[in-house]
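# Summary of structural features
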Amino acid sequence: MSSQALQYHREANFFSITNPHISLRFSTTPPGSLVALSSKALGVEVFHTPLAVASAEMWRLESPHPESSLNVGSRRAHHFSHDFTLEEETGLGRLEMEWRNFTSSQGELPLRVGLALSLPPDSPLCSCRVRLELPADMDGTGLAFLFPNFTGLRPPEPEAARLFLPVGAGLLITNPAASLSGPTEWLYPGELTMQFAGIQMPSHNTCLYLAAHDGKGAIKGFRAGPDRNAHLALRLLNFPSPDPAGLLTIEYETVFGLLAGGWPQAAKAYRGWAQRQFWHKRKPADSRRREEVSSEEEPGFQQGEGTYRGLWLLARGASGQATSAATTLQRETNTPVRLLWQWWHGCPGNSLYPDYLPPRDEEEAFSKTLSLLKEAGIPAFLNMDSSAASPRSSGWDPLNLKQYASLDLNGNLQEAKENPFCDDTLAAMCPASGEWPALLKKICGRLKRLGATGLWLERIVPEEQGLRCFSPQHSHPQGSGNYPNECLSAISCPAVASDPAEVFLHQLQAAILSGTSRERRGRPKGLRSDDWEPIPLLQTVYSPDTRCIGLVGPLNNLFPQDPLWPNPPARPRAAEASLLREEHALQFLLEAARSLLWGYQPALSDFDPLMLRDYANRRKLVFLHSLLQLDAMEPILTRGEFMGPVIADCEPLEVDFLVNSLYSLPGQRRSYPRLVPSVLVTAWKPNPERLLLVIVCLQEKETKFACQLPLSRLGVTSPGKIHVLTFSPELGGKPARLSLTGSEISGHLPPHSASIVWL
């Protein structure tokens, strides 16, 4: 059966479905294995060889109990059938596959798995629906259904291939088969902010794309790493939930295929689906005229979008320290400042939470401080842990918080990571348990009465495995479901959150993204090398309707200590402090530049007025102010759609990256060098007739560069003349001298400058 656009072909041991964009070939022995995924138009085949993956399983069912009979894959099926139908009117091809009659080490297994694969005649992506039938009397608690189960992946020139993941703002891993130490899992909505991933193959300008179209945001995961043949494996982990009939179900579609381009094109494909979901704010900011956008915020705890243009300050400690830092920074930069205030409360770090109140300065003095900040035009957002509590807190027993904690399969409390200098361990709390949201609401009300502008929510959901709760007392399915989405239901006030998943974006005023300073947190999970980099993956999907905050600094690369810590680390000696301040200045500039280029509002970490005595720190602050000037001229909300980075041909710079997390000790800090371009460029599209470029020069000298615009990706046919505006710390310095020849922009940029180019 065939049509002009879509074809189905069957031979002895194989069958295939093909359209002009993509070809999928399956084997019947082993039953239903995907042995080829290719695109003739793009000239790419992503599997090593068909024979190498002939033993690969299309799907696999995993139980958390190693001895369980439910640890089976598609190879164990004794009966396999498939059927293809073609809709004549639409040209849509539909391939139905079914596996049944399984055997395990314990005998026959009454399992049936159905898969419906749909391939449009004109799309490089296919969509799949899975159906599981498992008797209710079999223990399906904690099961993971791995589909698609891509193993034996060996893209062309694998050393140049890159795995992209929505970890935080976004993560790009070079040569993942070699860089990942083993199979690594990332969970959504805990570690992942979105529900897609892929592998880009630069030599063929192609990427393998994998996504879950789950509009309810259920818990799921992605697993990547080398397989047993040292080739790359990429899998989607689905956690089935029981339906009213007692059968396990996966309610959402899975989408995969081959796209032309890299991660920006994958983000665009995902955006087409994501912007139709409930968490999308649907703000037509790209159609607003600049003068129509108000700079005022709605006061108090009311929800308000606003268009704040300025600098955020992440400050820690008592009132005197935080208020002095905020007011001094606002005066020195002549820029509006917003305060993200941590450790304002009466316990060290987040230890002993929820014993946050009364504040360490007592309520009357603290409330007066918040009033003074408001009079100075500095809104204060107070941090609050959203998903962890201390068994040593005063409310643990009276509030019976153990009943609402997240439990593992053995019924034990799941722990949350915490400050190593405090003698306390926090327990992960289940966001779907009734009293926990009620407690968050109570704390929120008290902070409102004290005069806080809003909340800074840390750990919206438990980290890593603590996300999956197996408590039989809670109303959600054990280990599955979309119950993490309930964690913000009790909070009806302006709030910001750190690296939030997309399902929370509609309830937040801003998202604090660690991507701009991701290197300071150390090597990402599962990696054994430094062949990775942060990318603005979330912003590429959700601009311009989501306000993002990017972390920068601190100026001297030192983090403060809380006087309440029972075991504070030794403070660095003068020589080490000087080295930290001076040797890693370029890292600070890069973090600040990323904030501007990616469309984030910068958040300076841990500023102290004493830092201004140092000339090097003043230079960093002046550079940051130049970026703020550009953003005031062309605010993020008027830039429109973020089109991603544009590669510049320029002199590279060697950056010494400092790995220095908040709770690191001197012996744990390390540096590693990496070459970065001295000129960074990103593109924006306010409307179909206009293109906008943001260009930053990181050099201390005038720098020459050239930039070939990818016109097809940017949606531009023939750019006209250009208009340039440059901001630089050098008073009276020369502006950028740029020229446009066809699709190439080239010229000279002043030292440490930021330019905006209108085409």
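What counts, and where the lines are drawn
Residues numbered from 1 in each chain as written. Predicted model: local features only at pLDDT ≥ 70, side-chain atom pairs only at ≥ 80, totals over all residues. Heavy atoms only, no water. Helix = DSSP H or I, 4+ residues; strand = E, 2+ residues; numbered from the N terminus. Rg over C-alpha atoms; globule rule 2.2 N^0.38 Å. Buried < 20%, exposed > 50% of the residue type's maximum accessible area, 1.4 Å probe, protein only. Contact = heavy atoms within 4.5 Å. Areas by Shrake-Rupley, 256 points an atom, 1.4 Å probe, with all protein chains shown as cover. Lys, Arg positive; Asp, Glu negative; His and termini not counted. Charge placed at Lys NZ, Arg CZ, Asp CG, Glu CD. Arc of directions from axis to C-beta. pLDDT = per-residue confidence, 0-100. Phe/Tyr/Trp six-rings, centres within 6.5 Å; stacked < 30°, edge-to-face > 60°. Lys NZ or Arg CZ within 6 Å of the ring centre and 35° of its normal. Pairing = 2+ DSSP bridges. Axes fitted to C-alpha atoms, helices over the stretch in contact; angles between N-to-C directions. Parallel < 35°, antiparallel > 145°, perpendicular 65-115°, else oblique. Nonpolar A, V, L, I, M, F, W, Y, C, P; charged D, E, K, R; others polar. Core = buried A, V, L, I, M, F, W, Y, C linked by side-chain atoms within 4.5 Å. 1 Å grid on protein atoms, 1.4 Å probe; cavity = no way out; pocket = protein on both sides within 12 Å on 5 of 7 lines; lining within 4 Å. Points joined across faces, edges and corners; volume = space filled by probe spheres on them. Polar contact = N/O pair within 3.5 Å; in protein donor to acceptor, adjacent residues only side chain to side chain. Expected span 1.5 Å × (residues − 1).

## Some thoughts on the overall build of the protein chain
The helix and strand inventory of the protein chain stands at 11 helices and 45 strands. Taking 27 Å as the expected radius of gyration for a compact globule of 759 residues, we find that the protein chain reaches 27 Å, a close match to that expectation. Counting only C-alpha atoms and orienting by the principal axes, one finds that the protein chain spans roughly 80 × 70 × 50 Å. Among the 759 residues that make up the protein chain, the fraction classed as buried is 62%. The contacts in the protein chain between residues at least 6 apart in sequence include a share of 71% that link residues at least 24 apart. For the protein chain, the exposed area adds up to about 29500 Å²; of that, 49% sits on carbon and sulfur atoms. Put simply, the protein chain has 71 plus and 78 minus side-chain charges, and the middle of one group is 3 Å from the middle of the other.

## Section: helix α7 (residues 574-583)
For α7, the set of buried residues is Ala577, Leu580 and Arg581. The buried residues of α7 occupy one face: seen down the axis, they fall within an arc of 95°. Contacts from the buried residues of α7 go to α8 (585-597), α9 (615-633) and β37 (652-659).

## Overview of the confidence of the model for the protein chain
For the protein chain, per-residue confidence averages 88 on the pLDDT scale, and 94% of positions sit at 70 or higher. When mean pLDDT is compared element by element in the protein chain, strand β13 (residues 162-165) scores highest at 97, while helix α10 (residues 636-639) scores lowest at 76.

## What about the packing of aromatic side chains?
With the rule as written, the count across this model stands at 28 aromatic pairs. Taken together, a centroid distance of 5.2 Å and an interplanar angle of 45° make the contact between Trp341 and Phe366 tilted. Here Trp341 is found in strand β24 (residues 337-342), whereas its partner Phe366 is found in helix α4 (residues 363-375), with 25 residues between them in sequence. Taken individually, Trp341 and Phe366 each receive the classification buried, so the pair is uniform in this respect. Their ring planes at 70° and their centres at 4.3 Å tell us that Tyr353 and Tyr356 sit as a pair that is edge-to-face. Here Tyr353 falls in the buried class, since its relative accessible area comes to 0%. When the ring centre of Trp684 is taken as reference, the NZ or CZ atom of Arg639 above it lies at 5.0 Å.

## So, the sheet that holds strand β43 (residues 737-741)
Across the sheet, 4 strands lie side by side as β36-β41-β44-β43; this open sheet has antiparallel pairing. What marks the edges here is a single partner per strand, and that holds for β36 (648-650) and β43. If you compare each strand with its neighbour and ignore which way they point, the axes differ by 20° on average. Both β43 and strand β44 (residues 744-749) contribute to a ladder of 5 bridges, which runs antiparallel. Each residue of the ladder has a partner; that of Leu740, found in β44, is Ile745.

## With respect to the packing of α8 against α9
Their axes nearest at 10 Å, the elements α8 and α9 cross at an angle of 10°. The angle between α8 and α9 falls in the class roughly parallel. Taken together, the residues of α9 that come into contact with α8 (itself represented by Ala585, Phe588, Leu589, Ala592, Ala593 and Leu596) are Lys620, Phe623, Leu624, Leu627, Leu630 and Asp631. Taken together, the residues of the contact of α8 with α9 sort by class into 10 nonpolar, no polar and 2 charged.

## With respect to the sheet that holds strand β29 (residues 454-458)
Strand order in the closed barrel formed by 8 strands is β23-β24-β25-β29-β30-β31-β33-β34, with parallel pairing between adjacent strands. Strand-to-strand, the axes of this sheet are offset by a mean angle of 25°, without reference to chain direction. Sheet analysis places strand β30 (residues 495-498) next to strand β31 (residues 510-513), joined by 3 bridges and oriented parallel. Note on β31: the bridge partner recorded for Ala497 is Ala511. Strands β33 (548-552) and β34 (601-605) of the sheet are contacted by α8, whose axis makes an angle of about 175° with β33.

## Structural notes on the packing of helix α3 (residues 319-333) against α4
It is the contact of α3 with α4, at a shortest axis distance of 11 Å, that shows an interaxial angle of 0°. Considering the angle they form, α3 stands roughly parallel to α4. Contact residues: Ser319, Thr323 and Ala326 in α3; Phe366, Thr369 and Leu373 in α4. Residues that form the contact of α3 with α4 fall into these classes: 3 nonpolar, 3 polar and no charged.

## Side note on the nonpolar core
Across soluble globular proteins, nonpolar side chains have a tendency to be buried as a group. Of all hydrophobic cores here, the largest spans 197 residues; its most connected members are Leu24, Phe26, Trp59, Trp99, Phe196, Phe256 and Tyr270. Residue contacts for Leu24: discarding those within four places in its chain leaves Phe15, Ser16, Ile17, Leu34, Ala36, Leu37, Leu117, Leu119, Cys126 and Phe256. Counting residues in hydrophobic clusters, the runner-up holds 24 residues, among them Val646, Leu693, Ile695 and Leu711.

## Topic: the layout of surface pockets
When its volume is computed, the largest pocket comes out at roughly 1600 Å³. Contributing elements (two or more residues each) for the lining of the largest pocket: β23 (311-316), β29 and β33. Of the volumes computed, that of the second largest pocket is approximately 1400 Å³. Along the wall of the second largest pocket there are 44 residues; nearest its centre are Arg162, Trp263, Pro645, Val646 and Ile647. Per element, the largest residue contribution to the lining of the second largest pocket is 5 residues, and it comes from helix α2 (residues 263-274). Grouping the constituent residues of the lining of the second largest pocket by class yields 27 nonpolar, 8 polar and 9 charged.

## A few points about the pairing of strand β22 (residues 253-260)
A regular strand places its side chains on the two faces of the sheet in alternate fashion. For β22, a buried count of 6 out of 8 residues is recorded, marking the element as mostly surrounded by other parts of the structure. The sheet contact formed by strand β11 (residues 125-133) and β22 spans 4 bridges and is antiparallel. Note that in β22 the partner of Ser127 across the bridge is Val255. Here 8 bridges tie strand β17 (residues 206-213) to β22, and the two strands are oriented antiparallel to one another. Its bridge partner lying in β22, Cys207 is registered against Leu259.

## A few points about the environment of Gln561
The residue Gln561 is located in the loop between β33 and α7 in this model. A relative accessible area of 18% places Gln561 in the buried class. It is 18 Å that separates the C-alpha atoms of Gln561 and Tyr356, two residues lying 205 residues apart in sequence. Here the side chain of Gln561 touches Pro569 through a polar contact of 3.1 Å, landing on its backbone oxygen.

## Re the environment of Ser671
With respect to the helices and strands, Ser671 occurs in strand β38 (residues 670-677). Residue class for Ser671 comes out partly exposed when judged on its relative accessible area of 42%.

## Here we look at α9
Here α9 contains 19 residues, and its C-alpha end-to-end distance of 27 Å stays within 8% of the 27 Å for a straight helix at 1.5 Å per residue. Within the span of α9, buried status applies to Asn617, Lys620, Leu621, Phe623, Leu624, Ser626, Leu627, Leu628, Leu630 and Asp631. Structurally, the start of α9 carries an N-cap: the backbone nitrogen of Ala616 is 2.9 Å from a side-chain oxygen of Asp614.

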